Amino acid sequence: NGDTVLHRLCRMARADVLTALFPLLPEALWYERNDLNETIFDVSKKEIKVILAGLMPYFRTIILHHEDCIRHHNPEGHQEQPGRIAAVLSKIDGLPCTETSTDFTRASLD
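Residues numbered from 1 in each chain as written. Predicted model: local features only at pLDDT ≥ 70, side-chain atom pairs only at ≥ 80, totals over all residues. Heavy atoms only, no water.

Looking only at helices and strands, the protein chain has six helices and two strands in total. Its C-alpha radius of gyration of 18 Å places the protein chain more than 25% over the 13 Å reference for a compact globule of 110 residues. C-alpha extents for the protein chain along the principal axes are approximately 50 × 30 × 25 Å. Looking at charge distribution, the protein chain has the averaged site of its 12 positive side-chain charges lying 6 Å from that of its 16 negative ones. (Helix = DSSP H or I, 4+ residues; strand = E, 2+ residues; numbered from the N terminus. Rg over C-alpha atoms; globule rule 2.2 N^0.38 Å. Lys, Arg positive; Asp, Glu negative; His and termini not counted. Charge placed at Lys NZ, Arg CZ, Asp CG, Glu CD.)

The subject of this paragraph is the nonpolar core. Counting residues in hydrophobic clusters, the biggest one holds 15 residues, and the most contacted among them are Leu 6, Cys 10, Leu 18, Phe 22, Ile 40, Leu 52 and Met 56. Of all the elements in the fold, those that place two or more residues in this core are helix H1 (5–11) and helix H4 (46–55). The contacts of Leu 52, once residues within four sequence positions are left out, are Cys 10, Phe 22, Ile 40, Phe 41 and Ser 44. (Core = buried A, V, L, I, M, F, W, Y, C linked by side-chain atoms within 4.5 Å. Buried < 20%, exposed > 50% of the residue type's maximum accessible area, 1.4 Å probe, protein only. Contact = heavy atoms within 4.5 Å.)

For the rest of this paragraph, the subject is H4. Residues of H4 that are buried: Ile 48, Lys 49, Leu 52 and Ala 53. Buried positions in H4, seen along its axis, are confined to an arc of 140° and lie on one side of it. (Arc of directions from axis to C-beta.)

Tallied over the entire structure, the rule returns two aromatic pairs. Centroid distance Phe 22 to Trp 30: 5.1 Å. Interplanar angle 35°. Geometry classified as tilted. A relative accessible area of 1% places Phe 22 in the buried class. A relative accessible area of 14% places Trp 30 in the buried class. Within the aromatic cluster, the residues linked to one another by ring pairs are Phe 22, Trp 30 and Tyr 31. One cation-aromatic arrangement involves Lys 49 over Phe 41; the distance from NZ or CZ to the ring centre is 5.0 Å. (Phe/Tyr/Trp six-rings, centres within 6.5 Å; stacked < 30°, edge-to-face > 60°. Lys NZ or Arg CZ within 6 Å of the ring centre and 35° of its normal.)

Turning next to the pattern of salt bridges. Within this structure, the stated rule accounts for four salt bridges. Taking the shortest distance from any N to any O, the salt bridge between Arg 11 and Asp 3 comes out at 2.7 Å. Measuring nitrogen to oxygen at the nearest pair gives 3.0 Å for the salt bridge that ties Asp 16 to Arg 14. Salt bridges sharing common partners tie together Asp 3, Arg 11 and Glu 38. (Salt bridge = Lys/Arg side-chain N within 4 Å of Asp/Glu carboxyl O.)

Shape descriptors only; they carry no functional weight alone.
In structure tokens:
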């Protein structure tokens, strides 16, 4: 299936080997995909994803949102409807390597 050594280590949840091996490998190997177009992150269990996020900033995600979005009322079915935004944020909360935040500097209108 085209798995690399890193794919197999991630599938086997070998955190000890991954942590030791990562600094020794060329960065290009971190992003290789197998025949199913999967990265090592795709094939990893949750605990390995957390380790990978620490080793590879590429796999970390931050979602910024502002409370004004929740207070902005659009018609039912609109993609920015408050209930939909809350539902999406609740599904994202707790995913490995993903952080949500409302702590950011707002853009100016200039």
